[in-house]
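As a plain string of letters, each chain reads:
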Amino acid sequence: MDQTLAPITAPIPVRASSTDDPAELLRFAIDAHGLGAAALATLVEIRGGAARALGAHMAVAADGRFCGYVSGGCVEAAVASEALLAMAEGRDRTVKFGDGSPFFDIVLPCGGGISVAIHVLKDVGALRHVLERLEWRQAAGLAYSPERQVLEAVDPPPRACWLERDFLSVYRPRTRVVLSGQTIEAQAVARLAEASGYDVIVRGQGERGRVAADIDPFTAVVLLHHDLDAEAAILETALRSPGFYIGALGSTRTHRRRVERLTAMAFRKDDIGRIKAPIGMFGPTRDATSLALSVLADIAAARLVAYA
């Protein structure tokens, strides 16, 4: 008996999560590849304004699930659809959206345009390499070749960019906050930092040796004491560390005393100048929650400056 084959229906893209954490996106891609097939979409060109930075990713599974962002949310479903087509064909593709795009019905609110490179994953070794580096709190890099349709691990570049015919992406560990202080302000900062997805470590006055091991180039040190003697040991350790941010609680008058003490201990002016005091982006604040918001906003801004 003759049978008519039903047409194959492409999966409908559906967002699996709202995360934009690169490590989570790479894990999603690795898992999806293990279940059948996956694609990694990367923002490789910005024309005019854009909601995301070069190198932003989306990961798309063969069943239509996707996560990540390459814009403010206006083109992600279309990118996922293009990724599903690329997986069906087994070939990479680069797609333009917004200004300069053939898709007249997709207009970016910023008025600009973007290009997204979609790579059908053949293996996930390079992605695993990035995750291993991040686990050790080390920066990592990937190079994508549209011509060869391969993704390779490389030394991390200063920023995402094109290098000749390859697009380089950089991945850095998430922000760590080393926090010292037994105050209500310290408790508020710890809660808000954890809710923001930061790696939070709380240290006491007698843990100077452990603090030195905690601080790497992706670490912010936050000192929330009401006594200069209580902060002294950890502050000295922080000033000798590669941390990108050091902030200390206290008024302008208190900070002058702090500077005098550190100067007497032979700390250089440039080292002392690393201390943000009074701490925070805005002030003065009169409650713990406002202070916590001010501190974390300052940390986020400092990280952007350090690793733009």
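A brief structural summary. (Residues numbered from 1 in each chain as written. Predicted model: local features only at pLDDT ≥ 70, side-chain atom pairs only at ≥ 80, totals over all residues. Heavy atoms only, no water.)

**So, empty space enclosed by the protein**
For the record, the criterion: Each cavity reported here is a set of points on a 1 Å grid over the protein atoms alone in which a 1.4 Å probe fits but cannot get out, each pocket an open set with protein on both sides within 12 Å along at least five of seven lines, and each lining residue one with an atom within 4 Å of a point. Grid points are joined across faces, edges and corners, and a volume is the space filled by probe spheres set on the points. Strands are runs of DSSP state E lasting at least two residues, helices are runs of H or I lasting at least four, and both sets are numbered from the N terminus onward. Polar here means any residue outside two lists: the nonpolar Ala, Val, Leu, Ile, Met, Phe, Trp, Tyr, Cys and Pro, and the charged Asp, Glu, Lys and Arg; Gly therefore counts as polar.
Scanning the model with the defined rule gives 1 cavity of 30 Å³ or more in all. In this structure, the largest cavity spans a volume of roughly 90 Å³. Listing elements by their share of the lining of the largest cavity, those giving two or more residues are strand 2 (38-47), strand 6 (113-120), strand 7 (140-145) and strand 10 (166-171). For the lining of the largest cavity, the residue count by class is 9 nonpolar, 4 polar and no charged.

**Digging into the nonpolar core**
Heads up, the condition is: Side-chain atoms within 4.5 Å are what join buried Ala, Val, Leu, Ile, Met, Phe, Trp, Tyr and Cys residues into a set we call a nonpolar core. In this scheme, a residue with accessible area under 20% of its type's maximum is buried, one over 50% is exposed, and one in between is partly exposed, where area comes from a 1.4 Å probe on protein chains only. When checking whether two residues touch, look at their non-hydrogen atoms; a contact exists if any pair is within 4.5 Å.
Counting 28 residues, the largest nonpolar core has Leu26, Leu121, Leu127, Val130, Leu142 and Leu151 as its most contacted members. Broken down by element, the residue count for this core peaks at 7 residues, all from helix 1 (residues 22-35). Leave out the neighbours within four places in its chain, and Leu127 touches Leu26, Ala29, Ile30, Leu40, Leu121, Leu142 and Leu151. Counting 23 residues, the second largest nonpolar core, distinct from the first, contains Val177, Ala220, Val222 and Ile299.

**Topic: the sheet that holds strand 13 (residues 219-223)**
Note the threshold: At least two DSSP bridges between two strands are needed for those strands to be called paired.
Pairing in this open sheet of 5 strands is parallel, and the strands run 12-11-13-14-15 from one edge to the other. What marks the edges here is a single partner per strand, and that holds for strand 12 (199-203) and strand 15 (275-276). Bridging between strand 11 (residues 176-180) and strand 13 involves 5 bridges; their strand directions are parallel. Its bridge partner being in strand 13, Leu179 is matched across the sheet by Val222.

**So, the sheet that holds strand 3 (residues 57-61)**
Strand order across the open sheet formed by 6 strands is 1-4-3-2-6-5, with mixed pairing between neighbours. Sheet topology places strand 1 (14-15) and strand 5 (93-98) at the edges, where each strand pairs with a single neighbour.

**Here's the deal with the environment of Val70**
Following the sequence through the fold, Val70 ends up in the loop between strand 4 (65-68) and helix 2 (76-89). Distance from Val70 to Ala53, taken between C-alpha atoms, is 8.0 Å for residues 17 residues apart in sequence. Once residues within four sequence positions are removed from consideration, Val70 is found in contact with Ala41, Leu43, Arg52, Ala56, His57, Met58, Val75, Glu76, Val79, Ile114 and Val116.

**Quick look at the side chain of Arg137**
Put simply, the rule reads: Distance and chemistry together define a polar contact, namely a pair of N or O atoms within 3.5 Å, with one atom able to donate a hydrogen and the other to accept it when in protein, and with adjacent residues in sequence counting only for side-chain atoms on both sides.
If you trace the backbone, Arg137 turns up in the loop between helix 3 (125-135) and strand 7. Within the structure, Arg137 has its side chain in polar contact with the backbone oxygen of Arg174 (distance 3.1 Å). When neighbours within four sequence positions are excluded, Arg137 is seen to be in contact with Pro173, Arg174, Arg176, Asp199, Asp216, Phe218 and Thr219.

**Some words on the environment of Val130**
Within the secondary structure, Val130 sits in helix 3. Sequence spacing of Val130 and Ser145 is 15 residues, and the spatial spacing of their C-alpha atoms is 17 Å. If sequence neighbours within four positions are ignored, Val130 has contacts with Leu26, Ala140, Gly141, Leu142 and Tyr171.

**Brief notes about helix 1**
Because an α-helix packs 3.6 residues into every turn, residues spaced three or four apart end up facing the same way. The line we're drawing: A helix is expected to reach a length of 1.5 Å times the quantity of its residues less one.
Given a rise of 1.5 Å per residue, 14 residues ought to cover 20 Å, and the 20 Å separating the end C-alpha atoms of helix 1 matches this to within 8%. All of the buried residues in helix 1 are Ala23, Leu25, Leu26, Phe28, Ala29, Ile30 and Ala32. Tucked into the core, helix 1 has its buried residues touching strand 2, strand 3, strand 4, helix 3 and strand 10. The backbone nitrogen of Ala23 lies 3.1 Å from a side-chain oxygen of the residue at the head of helix 1, namely Asp21.

**Quick look at unusual backbone geometry**
Here the amide bond leading from Ala277 into Pro278 is cis, since omega sits at 0°, within 30 degrees of zero. Its location among the elements puts Pro278 in the loop between strand 15 and helix 9 (288-306). Despite not being glycine, Ala266 has its phi angle at roughly 75°, a positive value. Mapping Ala266 onto the fold places it in the loop between helix 7 (252-264) and helix 8 (269-272).

**What about a nonpolar patch on the surface?**
Heads up, the rule is: Exposure above 30% relative accessible area and the lack of any salt bridge qualify a residue for a patch; like charges then connect within 9 Å, and the nonpolar side chains Val, Leu, Ile, Met, Phe, Trp and Tyr within 5 Å. To measure how exposed things are, a 1.4 Å probe is used in the Shrake-Rupley method; for residues, cover is taken only from the protein chains shown. By definition, a salt bridge exists where a carboxyl oxygen of Asp or Glu is found within 4 Å of a side-chain nitrogen of Lys or Arg.
A cluster of nonpolar side chains, contributed by Met281, Phe282 and Leu293, occupies part of the molecular surface with about 290 Å² of accessible area. Positionally, Met281 belongs in the loop between strand 15 and helix 9. Relative accessible area serves as the criterion here: at 45%, Met281 is assigned to the partly exposed category.

**Some remarks on the side chain of Thr19**
Here Thr19 is to be found in the loop between strand 1 and helix 1. A polar contact of 3.1 Å, which involves the side chain of Thr19, links it to the backbone nitrogen of Asp21. Excluding residues within four positions of it along the chain, Thr19 makes contact with Glu24, Leu25, Cys67, Gly68 and Tyr69.

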